Structure formats: structure tokens, C-alpha cells
Amino acid sequence: MVRGSSADNVVPLRGGLPASVAHAAAVDPLGDPRIVVRGSGPLSGRVHVPGAKNSVLKLMAASILCDGATRLGNVPAIADVSIMGELLEAIGVTMTWSGADALQLDNTGRLTPVAPYELVERIRASINVLGPLLTRCGEVRLSMPGGDDFGARPIDMHVSGLEQMGATFRFEHGYVEARADRLHGADISFEFPSVGATENLMTAAVFADGVTTIRNAAREPEIIDLCEFLVSMGARIEGIGTGTLQITGVERWSLRPVEHDTVTDRIQAATYLASCAVAGGELDLVGARGEHMQMLLHRFGDMGLDLEQYDGGVRVAAPDRLRSIDVATLPYPGIATDYKPLIITMLSVADGVGIVTENLYPGRFRYVEELQRLGADVSTSGHHAVVRGVERLSGAPVRAHDIRAGAAMVVAGLAARGETMISGVHHIDRGYDDIVGRLAAVGAHIERH
Ligand code: EPU
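Just so you know, these numbers come straight off a predicted model, no measurement behind them. (Residues numbered from 1 in each chain as written. Predicted model: local features only at pLDDT ≥ 70, side-chain atom pairs only at ≥ 80, totals over all residues. Heavy atoms only, no water.)

Peer 1: Is there a simple way to think about the overall build of the protein in this case?
Peer 2: Scanning the protein for helices and strands turns up 15 helices and 28 strands. The C-alpha atoms of the protein give 21 Å as radius of gyration, which agrees with the globular expectation for 449 residues (22 Å, within 12%). Projected onto the principal axes, the alpha-carbon positions of the protein cover approximately 60 × 45 × 45 Å. In the protein, which comprises 449 residues, the proportion classed as buried is 60%. (Helix = DSSP H or I, 4+ residues; strand = E, 2+ residues; numbered from the N terminus. Rg over C-alpha atoms; globule rule 2.2 N^0.38 Å. Buried < 20%, exposed > 50% of the residue type's maximum accessible area, 1.4 Å probe, protein only.)

Peer 1: So what exactly am I meant to see when it comes to the site of the ligand here?
Peer 2: Taken together, the neighbourhood of the ligand is formed by 24 residues, with Lys58, Asp156, Met157, Ser194 and Arg404 sitting nearest. Within the contact set of the ligand, an oxygen atom lies 2.7 Å away from a side-chain nitrogen or oxygen of Lys58. Here a nitrogen atom of the ligand and a backbone polar atom of Pro154 are 3.3 Å apart. Expressed as a share of its isolated accessible area of 810 Å², the protein-covered part of the ligand is 91%. Where the shell around the ligand is concerned, the elements lending two or more residues are α2 (53-62), α6 (156-164) and α7 (195-205). Its residues assigned to classes, the shell around the ligand shows 10 nonpolar, 5 polar and 9 charged. (Near = heavy atom within 4 Å. Polar contact = N/O pair within 3.5 Å; in protein donor to acceptor, adjacent residues only side chain to side chain. Areas by Shrake-Rupley, 256 points an atom, 1.4 Å probe, with all protein chains shown as cover. Nonpolar A, V, L, I, M, F, W, Y, C, P; charged D, E, K, R; others polar.)

Peer 1: What should I look at first to understand the nonpolar core in this one?
Peer 2: The nonpolar side chains of soluble globular proteins are, as a tendency, buried together. Ranked by internal contacts, the top residues of the largest apolar core, which has 74 residues, are Met60, Val81, Val129, Met165, Met202 and Leu230. With residues up to four places along the chain from it excluded, the contact list for Met60 reads Leu72, Val81, Met84, Gly85, Leu88, Met95 and Leu105. Judged by nonpolar contacts, the second largest core, of 73 residues, contains Leu43, Leu296, Val349 and Leu374. (Core = buried A, V, L, I, M, F, W, Y, C linked by side-chain atoms within 4.5 Å. Contact = heavy atoms within 4.5 Å.)

Peer 1: I tried to follow helix α9 (residues 266-279) on my own but got confused; where do I start?
Peer 2: Each α-helix winds once per 3.6 residues, and so residues spaced three or four apart point in a common direction. An ideal rise of 1.5 Å per residue puts 20 Å on 14 residues; α9 measures up with 20 Å between its terminal C-alpha atoms. Most of α9 sits out of view: 14 of its 14 residues are buried. At the N-terminal boundary of α9, the capping side chain belongs to Asp265, with an oxygen 2.8 Å from the backbone nitrogen of Ile267. (Expected span 1.5 Å × (residues − 1).)

Peer 1: Mind showing me how you'd approach the packing of aromatic side chains here?
Peer 2: Aromatic rings considered in pairs are described by the distance between their centres and by the relative angle of their planes. Scanning the model with the defined rule gives 1 aromatic pair in all. For the cation-ring pair, Arg315 lies above Tyr310, with the distance from its terminal atom to the ring centre recorded as 4.2 Å. (Phe/Tyr/Trp six-rings, centres within 6.5 Å; stacked < 30°, edge-to-face > 60°. Lys NZ or Arg CZ within 6 Å of the ring centre and 35° of its normal.)

Peer 1: How should the packing of α2 against helix α3 (residues 79-91) be read in this particular structure?
Peer 2: Each packed pair of helices is defined by two parameters, the angle between the axes and the distance between the axes. Between α2 and α3, whose axes approach to 10 Å, the crossing angle comes to 10°. Relative to α3, the element α2 lies roughly parallel. Counting all contacts with α2, which are made through Lys53, Val56, Leu57, Met60 and Ala61, the residues of α3 involved are Asp80, Val81, Met84, Gly85 and Leu88. For the contact of α2 with α3, the residue count by class is 7 nonpolar, 1 polar and 2 charged. (Axes fitted to C-alpha atoms, helices over the stretch in contact; angles between N-to-C directions. Parallel < 35°, antiparallel > 145°, perpendicular 65-115°, else oblique.)

Peer 1: Looking at this structure, I do not really get the confidence of the model for the protein. What am I missing?
Peer 2: Low-pLDDT stretches of the model should not have their predicted coordinates read in fine detail. Confidence in the prediction of the protein, expressed as mean pLDDT, is 91, and 91% of residues score 70 or more. Of the regions scoring below 50 in pLDDT, residues 1-28 engages in 61 contacts with residues more than four places distant in sequence or in other chains. (pLDDT = per-residue confidence, 0-100.)

Peer 1: What should I look at first to understand the pattern of salt bridges in this one?
Peer 2: Pairing between side chains of opposite charge can happen when the charged atoms of each approach one another. In total, this model carries 19 salt bridges according to the counting rule given. Note that Arg299 and Asp302 form a salt bridge whose closest N and O atoms lie 2.8 Å from each other. One end of the pair, Arg299, and the other, Asp302, are both in helix α10 (residues 294-302), 3 residues apart, so they sit about a helical turn from each other. Among the salt bridges present, the one from Asp433 reaches Arg438, with a minimum N-O distance of 3.4 Å. Taken together, the shared-partner salt bridges connect Arg46, Asp284, Glu308 and Arg315 into one network. (Salt bridge = Lys/Arg side-chain N within 4 Å of Asp/Glu carboxyl O.)

Peer 1: How should the environment of Val120 be read in this particular structure?
Peer 2: Tracing the chain through its elements places Val120 in helix α4 (residues 117-120). Taking relative accessible area as the criterion, Val120 reaches 0% and is therefore assigned buried. Considering only alpha carbons, one finds Val120 and His260, 140 residues apart in sequence, at a separation of 25 Å.

Peer 1: What am I meant to see in the sheet that holds strand β23 (residues 384-388) here?
Peer 2: In any sheet, the strands associate via hydrogen bonds between backbone groups, in a parallel or an antiparallel arrangement. Taking strand neighbours across the sheet as the criterion, the 4 strands line up as β20-β21-β23-β22 in an open arrangement whose pairing is mixed. In the strand order of this sheet, the two ends are held by β20 (327-328) and β22 (377-381), each with one partner. Across the sheet, helix α11 (residues 340-347) lies against β20, β21 (353-357), β22 and β23, angled at about 165° from β21, the strand it touches most. (Pairing = 2+ DSSP bridges.)

Right under this line is the structure:
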């Protein structure tokens, strides 16, 4: 696996956490920093793409399954890693940074299967401790998960799948309580390939009695990363990368801790592609995994980007002006919903009219109002956004409402005349490892205040 080296952004260790993570985790929304971007371009140079938030958080949660020291590499220095670390500490797994992009998780086996509200409400991925804790401890008390501000995100598929495996649930005072003396295998069919439900059932099935089959399972690269991690620990999983996963339960003692590099972040990679697309120039995204972004790269090609995939990265050259396209978000291998704010931002300065259809989160258009403040011509109706490209955006104060919307504001700022001041930066810090430093290093006019 290609390691997206964060060595260029080496952060000194402070109290066991890289300083940038400690800083990001400590940010009080009232004292939130600002990112200031000025219209930039052309960009030029190399960007090292870090490990994926949506993989590393799941790998961390899965370390609950196995006693001993799990070592993770290519770990992004982001606030969510820090919050997940705090949650694991509350459960009984100690996290220590062992380098700028490496951490160790020490599991002594003395676990408290309770995930408290104060931590869970800050991070949706906390739901990922449900499967591992239930299968290891036979019971879990988990606050209902929070996460991003784009609509209700139920966990009915997690619950129904675990019930089919023999768990019983109780919902009280904002907590989910689950019990199962020993889970058993089941044949589970998802109506929709939920990422989180696939991960939870897969980890729960590792110690279940017999074979668990998950049909219509999610197939994201981050799911494959988790499967490979579990298999290297000693789990038995077949059908990796397909829509049907088969997990054969193993005995607890047969799992051993491993060292594993987190898969590179396709969403962060896409953010740097989008940055180059609107600012112009040429970038080399070192560590980007083109094979994980095939559909997106194809559509970016339709917009006029010149893309070259090589073993260990993706090179991109921007056209003079982007062309508009129509796009619909879909589960992997379709265009991910997390790319959508970036695509709408690109379309807002493209030539022509593009229609974007959201099929995963109906409420995920809130950042459109912020783009409108920058002069974008976007209208939304239900699940659709119609984007009429303008020549240039114009800088203004804007707010990041969630991680990806925040990244889109940064990209929009690059495409805007004058200054764009972004607040709500703690959202960006949740999922982006030094976006400011990475963009500044390739010529963007961007600072953090
Ligand atoms: N859903 C249900 N019931 C369930 C599970 C999901 O109705 O039991 C619905 C959700 O409400 C949502 C849709 O199905 O409308 C997608 O949910 P899914 O379970 O696939 O997503 P997730 O696991 O909650 C992960 C990422 C998201 C990403 C989605 C889709 C993490 C921590 N989060 O969420 O990433 O958008 O998959 O690809 O992995 C982000 O990184 O900014 C982010 C939001």
C-alpha cells in the first residue's frame, strides 16, 4: 500500500498527540480559527495525500477485537482521530502517537462497553464500536451517534442486522443498549449498501458462531481496507470488494494484533483535484489511488481535466475553463456523496449548466447558500441542484457547515476574486490533514488565522 507521507507536515509531539491534532480537537467553536483564501492560480507541485478518515476511524474501532498492540500507519492528523482515541480510552484501549502519521492502540482486554454521550455526539463513526464491543463483551451501552449536520442518519440497518445475529436492543434516555451472549451467523440482506452497517456487522461477525453473509454490502475502498486489516489479524472473510461478504466466526484467541497502513483518502485527493481544476495549473497527487476514484476521474475528464494515473499517484492538469456535466451521487463505485460539494463548486465556475442529483442525504445542500454568497448561480429543488456556471466567484465571509462543505468553501475561495474568510473551521479539521499547508505549498494564497 502506498504510504501518503505526511513527512512534509511533520508535527511535533505534544502530550502524546501531534500538535495539529491536539489543537484541532481542543478548538472551541466560539474561539474557532478562520481560513482566509484569496483567488489563486495556477497551482503547481506535489501534494502528498494522507490516509482516509473514513478508514482509520473504523480500523481504530476494530482494534477493540484484539488484545495487544495494534499499529496503524498513514494515519491522518485530524481531529476525528483524536476524538475516536478519547472514546477508545474511555472503553479501555489506549492510543499513543508513535510518529507524525503512526499510532499504537494498546488493548489489555479489560474493556468497559460503554460509549458516553460527550464523545459519541461529536463523531458519527463512534457507532463503529457497537459491533466489536458487542461481540467481545456481550453487551454495549452506546449513546446515539451524532456527526454531520445534514439530516437524520438512522441506524436501523445496524440494529436489524445484529438482531438477526441474536442481539437484543433497548433504546432509552438517548442510549442504545445491546446484548448477546454469543452472536450467531445469519444471512442478512441490506436494502441499501450502508457503509456503517456493513462495517458493524462485519466486525460483529468476526467472533460469531458460524457463517454470516452480508448481501448488498458496501464496497467502498475503506471497507476493503477494514476487511484486509481484519483478515491480517486472523478473521475469515470472503468476497472482499464484492457486494456479498461471508464472514466465518473464529475463536477470540486466534486473533493477533497487526501493523497496518491506512488506505489513502480518496476524498482528500478529490479536494486537491478540485482545487487545481478551479485555480488552474498542474498537480501531482502523491499516494492518490486512481483505482479507487475511477468514476470520478472519468467525470472530471468529461469536465476537461487532463488526468494521468500512475503507480503511486495521479497527475492532473486543468483546462482554461471547465465544462459543465450532470452528476448523480450513488454508493461506491458510483460518485460518492462526499465529492458532491466539490463538484458543485467546480460547476459553479464551469462553462454551461450542470444538474447534480443527491441520492444519499436529502439535506446535504446547506452549503449552497454559502456558495451563493460567493456569487455562484445554484438553485436547489428536492434532491437536485441546478448549477449555472459563472466566469468567476467573488470572495466573501462564509461558513463551513460540515467537513466536505468546508473543503468546498476552500476550493471556492481559490476560484473567487478577492478574499474569502471561512469560519466553522473545526469542521474542516475533523477530516482534513493540514489542507492549508498542503495548498499553500503548491502556490495557493491561503492562511489560517
Ligand atoms: N442509513 C439508514 N439506516 C442505517 C444506515 C444508513 O437509513 O441503518 C442511511 C443514512 O441515513 C444515509 C445513508 O443511508 O442517508 C448512507 O449511510 P451509510 O451508512 O452508508 O453512511 P455512514 O456509514 O453513516 C459513511 C461516511 C460518510 C459518507 C457515507 C456514504 C464515515 C464515518 N462516514 O457514513 O462520510 O458520506 O458513508 O458514503 O465513514 C464524511 O466523511 O464527511 C461523511 C459524511
